[in-house]
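Take a look at the letters that make up each chain.
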Amino acid sequence: MDLFGICISEGYAAGNACMYQKPTSVGSGIFAGVQEELQRFDTAKRLAKQQLLEALRRLSDNQAASELIQVQEMLLDDTEFSQAVRDQIDSGHCAGQAVTQAAASLADFFRAMDDSYMTARASDFLDIANRLLDCMHENAGPAFSMERPCILVAEELLPSQTLSLDRSKLLGIVTATGSFQSHAAILARSMGIPAITGLDIATIDDGQMLLLDGCHGTLTIDPDPERYTKFCSEQNKHQSHQAELRRSAFDPAVSADGVRVEVCANIGVLDDITDDTVRCADGVGLFRSEFLYLAHQDYPDEQTQFEAYKYALQRFAPKRVVIRTMDIGADKKVPYFSLPQEDNPALGYRALRICLDRRDIFRTQLRALLRASNYGNLAIMIPMVSKVEEVFQVKTLLSELRQELFQQAEPCGSYEFGIMIETPAAAIMSAELAGLVDFFSIGTNDLTQYTLAADRMNPMLQTIYDQEDEAVLRLLAFAAENAQKHGIWCGICGDLATHTQLLPRLLRCGIRELSVPPASVGLVKAAIRTITVCDHA
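Visitor: I keep staring at the overall build of the chain and nothing clicks. Help me out?
Guide: Regarding its fold elements, the chain presents 21 helices and 17 strands. Here the C-alpha radius of gyration of the chain, 25 Å, is about what a compact globule of 537 residues would show, namely 24 Å. Residue burial in the chain is summarised as follows: out of 537 residues, 54% are buried. Contacts in the chain between residues at least 24 apart in sequence constitute 68% of all its contacts with a sequence separation of at least 6.

Structural data, given as structure tokens:
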């Protein structure tokens, strides 16, 4: 028997069905009073935020997971959701009931929208409600677990439920409801798990043999031997193609007309530095140093940072490692920084602005970087530049610290110094900035949200937030052109670097370095080899 659904994550899987059992609410329903219930809600929010911070530290290597966690942090602070919960409590509902009803109401609102992306956001509110109920201990029963490798079958999977599954036993996912744009689907793709949605799962029994074709949206139940053999042949072809992509990742990325492009890796934590990543990536195009701060309960000292930077540089030597100075603030909140509450943190006190204001913290990081420069090919990159004067300030500070270390018999090695182009101001002033630095790296995630005035974490603006928007691409090309004029290299470290359909245009703009998640290195290199850059090389 064949069922036909929607492909949400490519791949093939054969295995027995395992029916997902979602937790059930066991809230007492006893109303303890408005103040007591409000206190329960506020306590659950604080605990949920702590859980999300820990998850962000643990899953920093998975970009999709990190972005999901940041969305959940935003929803916990969503004023409309919090007010809806408080209104329910004021009406005499206990905290658990209030959270459930408020989330259900908002989910219904999003489901009614005539937009597939917005409809998919309904599950995000249900997911955050489920997390809050867990924190209130109102969900019953032990956590769901899979005893053996299987294809999971569920009515719907929430994003956090997807993250909690044992990847070693998860062969594939089949759901009745969902969409390509849901966060659960995005997570499945990031983890390489084949998945189909939109199926009538009532026809599937626990333990039945399933063949999941995530490339064509087909699910076969109890296949005959001939069908099983044919499926295995298709699965082997797909796996061979994927293996070829992985093998080719170790070869240089050279376009069809001989243009060499560096394809580097984005690194979040030291565990991301695997042997395969060191071998196949042309270096590190973005080392997110803020995760050193996220992983500690207090400011990491100079020696701790030095050891981390030294390790990364030694592992990749002689390849270049671009280490971004801490990008704290906005969606990356660290409790011990005690940052002020802001109405619009993305446009507020973050990254370089904190560093130049809290010089003692910044000096510690820069000293650690300068000491580590003796152990590899270091490039120091400054985020969130919006004024030329900021670059002068950092260069002056680096010069002072080099002299300070020299006087302390701590000589520094050589290093490159560059900036991220992620504000329209930096792109517009790129001709002046190019004369002050060794390289540009274009952060397309923030450049997009600032150019289009669309918060990239706001689900209601996702139809506006588009990294392929012409305005964004023109700013990118303008910065790349100015980099070429001044003889410095220009790369991309945002999500746009993985948009293979745009690579021809990006390379013809003069982009010669792309930094992507380690798992995407092979795919991007393969795409580059098919491109003719022509006379723009």
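Don't stop here, the text continues.
Visitor: Would you take a moment to explain the environment of valine 394 for this structure?
Guide: Tracing the backbone shows valine 394 in helix H15 (residues 388-407). For valine 394 and cysteine 355, which are 39 residues apart along the polypeptide, the C-alpha to C-alpha distance reads 9.4 Å. Those residues in contact with valine 394 that lie beyond four places of it in its chain are Leu352, Leu356, Phe362, Ile382 and Phe417.

Visitor: I would appreciate a short explanation of unusual backbone geometry in the present structure.
Guide: Negative phi values dominate among residues other than glycine, just as trans dominates among peptide bonds. With an omega of 5°, the peptide bond between alanine 317 and proline 318 qualifies as cis. Mapped onto the fold, proline 318 is located in the loop between helix H12 (302-316) and strand S12 (320-324). In the Ramachandran plot, aspartate 222 falls in the positive-phi region, its phi being about 50° despite a non-glycine side chain. On the basis of relative accessible area, aspartate 222 is assigned to the partly exposed category, the value being 46%. One non-glycine residue, methionine 384, lies in the positive phi region at around 60°.

Visitor: Which parts of the structure should I look at to understand the nonpolar core?
Guide: Nonpolar side chains in soluble globular proteins tend to end up buried together. Counting residues in hydrophobic clusters, the biggest one holds 125 residues, and the most contacted among them are Phe81 and Phe440. The two domains that each donate at least three residues to this core are domain 2 (34-136) and domain 3 (249-530). With sequence-adjacent residues up to four places away left out, phenylalanine 440 is seen in contact with Ile419, Ile421, Ser430, Leu433, Ala434, Ala479, Ala483, Ile488, Trp489, Cys490 and Gly491.

Visitor: What is the right way to read the domain arrangement of the chain from this model?
Guide: For an interface, size is often stated in terms of accessible area lost upon the parts coming together. Along its sequence, the chain is organised into domain 1 (2-21 + 143-244), domain 2 (34-136) and domain 3 (249-530). Each of domain 2 and domain 3 has a C-alpha centre, and these two points are 32 Å apart.

Visitor: Before we go on, may I ask you to explain H12 in this structure?
Guide: For the α-helix, the turn length of 3.6 residues means that residues three or four positions removed from each other point alike. Taking 1.5 Å of rise per residue, the 15 residues of H12 would be expected to cover 21 Å, and the 21 Å separating its terminal C-alpha atoms lies within 8% of that figure. Structurally, H12 contributes buried residues whose contacts are with helix H10 (275-280), strand S11 (283-288), helix H11 (290-294), S12, helix H14 (359-372) and strand S13 (377-382). Put simply, aspartate 301 is the residue that caps the front of H12, since its side-chain oxygen is 3.3 Å from the backbone nitrogen of glutamine 303.

Visitor: Got a minute to help me understand the pattern of salt bridges in this structure?
Guide: Pairing is possible between side chains that carry opposite charge, provided their charged atoms lie close to one another. If you walk through the whole model with that rule in mind, you get 21 salt bridges. Close ionic contact of arginine 320 with glutamate 416 constitutes a salt bridge, the shortest N to O distance being 3.5 Å. Here glutamate 416 lies in strand S14 (residues 415-421) and arginine 320 lies in strand S12, a separation of 96 residues in the sequence. Judged on exposure class, the residue arginine 320 and its partner glutamate 416 are both buried. With a closest N to O distance of 3.2 Å, arginine 350 and aspartate 327 form a salt bridge. In this pair, arginine 350 sits in the loop between S12 and helix H13 (352-357) while aspartate 327 sits in the loop between S12 and H13, placing the two residues 23 residues apart along the sequence. Judged by its relative accessible area of 1%, arginine 350 falls in the buried class.

Visitor: Teacher, can you tell me more about the pairing of strand S4 (residues 150-154) here?
Guide: The two faces of the sheet receive side chains in turn, since in a regular strand these alternate between them. The element S4 is largely enclosed, with a buried count of 5 among its 5 residues. Across the two faces of S4 the burial is the same, with Cys150, Leu152 and Ala154 and Ile151 and Val153 all buried. Relative to S4, strand S3 (residues 12-19) runs parallel, the two sharing 3 bridges. In the strand pairing of S4, cysteine 18 is matched with leucine 152. In this sheet, strand S5 (residues 170-175) lies alongside S4 in parallel orientation, the contact comprising 5 bridges.

Visitor: I keep staring at the environment of phenylalanine 392 and nothing clicks. Help me out?
Guide: Position of phenylalanine 392 relative to the elements: it lies in helix H15. For phenylalanine 392 and leucine 433, which are 41 residues apart along the polypeptide, the C-alpha to C-alpha distance reads 9.8 Å.

Rules used in this analysis
Residues numbered from 1 in each chain as written. Predicted model: local features only at pLDDT ≥ 70, side-chain atom pairs only at ≥ 80, totals over all residues. Heavy atoms only, no water. Helix = DSSP H or I, 4+ residues; strand = E, 2+ residues; numbered from the N terminus. Rg over C-alpha atoms; globule rule 2.2 N^0.38 Å. Buried < 20%, exposed > 50% of the residue type's maximum accessible area, 1.4 Å probe, protein only. Contact = heavy atoms within 4.5 Å. Core = buried A, V, L, I, M, F, W, Y, C linked by side-chain atoms within 4.5 Å. Domains from an automatic or database assignment. Expected span 1.5 Å × (residues − 1). Polar contact = N/O pair within 3.5 Å; in protein donor to acceptor, adjacent residues only side chain to side chain. Salt bridge = Lys/Arg side-chain N within 4 Å of Asp/Glu carboxyl O. Pairing = 2+ DSSP bridges.

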